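Observations on the three-dimensional arrangement
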Amino acid sequence: MSFGIDNLPYGVFSRRGESPRVGVRFEDRVLDLAAALGDEVFLAPSLNPFMARGRQAWTETRARIQDVLRGGAEQHLIPLDQVTLHLPFEVADYVDFYCSIDHASNVGKIFRPNSEPLTPNWRHLPIGYHGRAGTVVVSGTPVRRPNGQLKAGVFGPCERLDIEAELGFVVGVPSELGSPAGAFEDHVFGVTLLNDWSARDIQAWEYVPLGPFLGKSFATSISPWITPLEALPRVPGPAQDPEPLDYLRRGADWGLDIAVEVWLNGEIVSRPPYASMYWTPDQMLAHMTVNGASLRTGDLFASGTISGPEREERGSLIELTWNGTDPIKLAGGETRGFLQDGDTVTLRATAGDLTLGEVSGTIG
Ligand code: MN
């Protein structure tokens, strides 16, 4: 586990009897930023006011925090076991993409066995949908199994409850920018692990023709920690065929080399590689705003399920178990097609030497 001086993810914490405020994680402690930097923006119970300051402020603040930590700062470091972690930002709009070619191919085969797995548009644009910002919850929040229409005439609790291992990108928009002109790194503050809980039976019945709705909107979990974009090692994205349109052409290497782990009840069941994603986050942002749609501080857009080409790299249970027909065998002899009540799913990830903050949830 590495939460050293090159990492420093931001979050919102509180101590017993005190109001939530902004801190950064350093090893197993939280640096109280309002106290350490003497800046009232960090007294807010969310990262939004700080994120609205923009890229230059983010970069300068990160350098100041590193200076403060090199100087000791013992009096402003609070052990993690003395704090409660909160949802780190107020979510404005939430968009979920579908950027893994392996995930899209697998799900296409499962949901539409008689058609081409990839829809004709898939290689031309990063497909996405608008999700529900108000049900984005912080790691540790219990997830209730949703009720809904499972098929024609059948209502009841979801029987095919699933996860999607994803990366979320968090937007900060300084007022002087306002519109989405500018470089990717001017708009994106950082990244968070995200679990897009999915009710596959509700989804399969409802999704044609307008896409995911109640099968997704009951809960989306994120890590309490937002890793600054500049902490992450970047790699070229994968080759794309056909060449995308001009507005989707990559200006810089915004592929990310992040190794994700999916844990189910304390066992690793998959290791999705983020580097295998077909569409990169700069392309997601360009596509999301090409029609003139504005950005707001607190916008969250997610990658879609991260799945690699290998079976043990798939980022959802529907793929890992092929729609429940080939269940996962857990130690102790239990098997899982989809999630049972009491199951806990935790996503963990590393990027080189850095650790991302984990996201966990238990079905209640
Ligand atoms: Mn998703």
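Quick look at the structure, then. What you see as residue numbers is a count from 1 along each chain, following the sequence as written. It should be noted that, the model being predicted, local features are given only for residues of pLDDT at least 70 and side-chain atom pairs only at 80 or more, the latter also being counted only at that level, while totals for whole chains, interfaces and linings use all residues. Each side-chain value is derived from all of the structure's non-hydrogen atoms; neither hydrogens nor water enter the calculation.

**Structural notes on the side chain of Thr135**
Condition: Secondary structure is summarised from DSSP: a helix means a run of H or I of at least four residues, a strand means a run of E of at least two, and numbering begins at the N terminus for each. Residues count as neighbours in contact if any of their non-hydrogen atoms are within 4.5 Å of one another.
Within the secondary structure layout, Thr135 lies in the loop between strand 7 (128–130) and strand 8 (136–138). Each residue touching Thr135, except ones within four places of it in the same chain, is listed here: Ser217, Phe218, Ala219 and Thr220.

**Topic: the pairing of strand 19 (residues 259–264)**
Counted only if it meets this: The classification of residues rests on relative accessible area computed with a 1.4 Å probe and restricted to protein chains. Under 20% of the type maximum is buried, over 50% is exposed, and intermediate values are partly exposed. Note on pairing: two strands pair once DSSP finds at least 2 bridges between them.
Of the two faces of strand 19, only one is covered, namely that formed by Val260, Val262 and Leu264; the face formed by Ala259, Glu261 and Trp263 stays uncovered. Pairing of strand 19 with strand 24 (residues 344–351) involves six bridges; the strand directions are antiparallel. Its bridge partner being in strand 24, Trp263 is matched across the sheet by Thr346. Hairpin geometry of strand 19 and strand 20 (residues 267–270) is characterised by an intervening segment of two residues between the two adjacent antiparallel strands and by a positive phi of about 50 degrees at Asn265.

**Some remarks on helix 4 (residues 101–111)**
When you tally the buried positions in helix 4, you get nine out of 11 residues, the bulk of the element. Contacts from the buried residues of helix 4 go to helix 6 (200–206) and helix 8 (317–320).

**Points about helix 7 (residues 281–289)**
Most of helix 7 sits out of view: seven of its nine residues are buried. Buried residues of helix 7: Pro281, Asp282, Gln283, Met284, Leu285, Met288 and Thr289, and no others. Packing partners of the buried residues in helix 7 comprise strand 6 (94–97), strand 12 (165–171), helix 5 (184–187), strand 13 (188–195) and strand 21 (300–302).

**Concerning unusual backbone geometry**
Following Val208, the chain continues into Pro209 via a peptide bond in cis, with omega recorded as 5 degrees. Within the secondary structure, Pro209 sits in the loop between helix 6 and strand 15 (220–222). For Glu27, which is not a glycine, the phi torsion comes out positive at approximately 55 degrees. One can find Glu27 in the loop between strand 2 (21–26) and strand 3 (29–32). By relative accessible area, which is 39% here, Glu27 ends up partly exposed. The phi dihedral of Ala73 falls on the positive side, at around 60 degrees, and the residue is not glycine. Relative to the helices and strands, Ala73 is located in the loop between helix 3 (55–70) and strand 4 (77–79).

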